[in-house]
Amino acid sequence: MEFEFEVQGGDFSNAGQASSRIKKILKQLNVDPKTIKRTVVALYEGEVNIVAHAWKGKIKVDIETEKIKARLSDEGPGIANIDQAMRDGYSTASEEVREMGFGAGMGLSNMKKNSDEMEIHSEVSQGTTVMIVNYL
Amino acid sequence: MKVSELAEKLGFEIVSGKEGLDKQVVGGYACDLLSDVMGNAGEGQVWVTLQTHKNVMAIASLKDLAAIVLVKGLKPDKDMEAQSHEEGVPVLSTKEEAFETAGRIFELIK
């Protein structure tokens, strides 16, 4: 099963909608609650990253019999140094975003902790693609 | 303990999301960093915070939290309040600050 969601950069009032939809679908499919929780945390962080940093993006989720694959791709500023971005506490979020309680520099590491596999590809001034896999 | 009992015993105002007052409270989490709550809060906990925007409800719903407790007399933004009803996650409010609030909740449910 494949699901696709559009995410608009800067649109904080709708942040989390894609993750919420996926959570409902996984529940209906009777996926193990622990796997649902991990997948939802990883997806939400990815969704917020698109809203906070990119111009626009897409979230594609593919649910197979033995795994959940998600691909979050955006058109945005990209990440110059991925190792640095992965570090807890490092963030390039704006002051406005930080005031909302986002931008603590925990997003990517939360994604890593809550996925079985994770890959990031990024090109500066073009965009970023994050792929995560969680096994069922 | 139900959210309604916790609110009554600690004198917290029930601002919105009455639909969820029967939810069971199993613990609490106090933090204003959304990613930290997303990463570490657990199902059935009450979340003590000063954040009053709609994304708080998105996290509460995704994490199956029992309720939100806003400190220092803060009230939710209009869209946060609306989503609290939609999701059935109560928003409570107290005049005390986070330290006292977390302490009193801990004393009550430990």
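Let us look at the structure shown here. Since the model is a prediction, treat every value here as computed from it, not as a measurement. (Residues numbered from 1 in each chain as written. Chains lettered and ligands numbered in written order. Predicted model: local features only at pLDDT ≥ 70, side-chain atom pairs only at ≥ 80, totals over all residues. Heavy atoms only, no water.)

1. So, the sheet that holds strand β2 (residues 56–63) of chain A
All names here are of chain A.
Here comes step 1: Taken in spatial order, the five strands make up an open sheet running β1-β2-β3-β5-β4, and their pairing is antiparallel. A strand with exactly one partner marks an edge of an open sheet, and here the two such strands are β1 (2–8) and β4 (117–123). Sheet twist, expressed as the mean angle between neighbouring strand axes with direction ignored, is 10°.
Here comes step 2: The pairing of β4 with strand β5 (residues 127–135) spans seven bridges and is antiparallel. Bridge pairing in β5 links glutamate 123 to glycine 127. (Pairing = 2+ DSSP bridges. Helix = DSSP H or I, 4+ residues; strand = E, 2+ residues; numbered from the N terminus. Axes fitted to C-alpha atoms, helices over the stretch in contact; angles between N-to-C directions.)

2. Some thoughts on the side chain of Ser93(B)
Residues and elements named next belong to chain B.
Here comes step 1: Inspection of the secondary structure puts serine 93 in strand β5 (residues 91–93).
Here comes step 2: Since its relative accessible area comes to 5%, serine 93 is described here as buried.
Here comes step 3: Within the structure, serine 93 has its side chain in polar contact with the backbone oxygen of leucine 74 (distance 2.9 Å).
Here comes step 4: Each residue touching serine 93, except ones within four places of it in the same chain, is listed here: Phe12, Glu13, Val15, Leu70, Gly73, Leu74 and Lys75. (Buried < 20%, exposed > 50% of the residue type's maximum accessible area, 1.4 Å probe, protein only. Polar contact = N/O pair within 3.5 Å; in protein donor to acceptor, adjacent residues only side chain to side chain. Contact = heavy atoms within 4.5 Å.)

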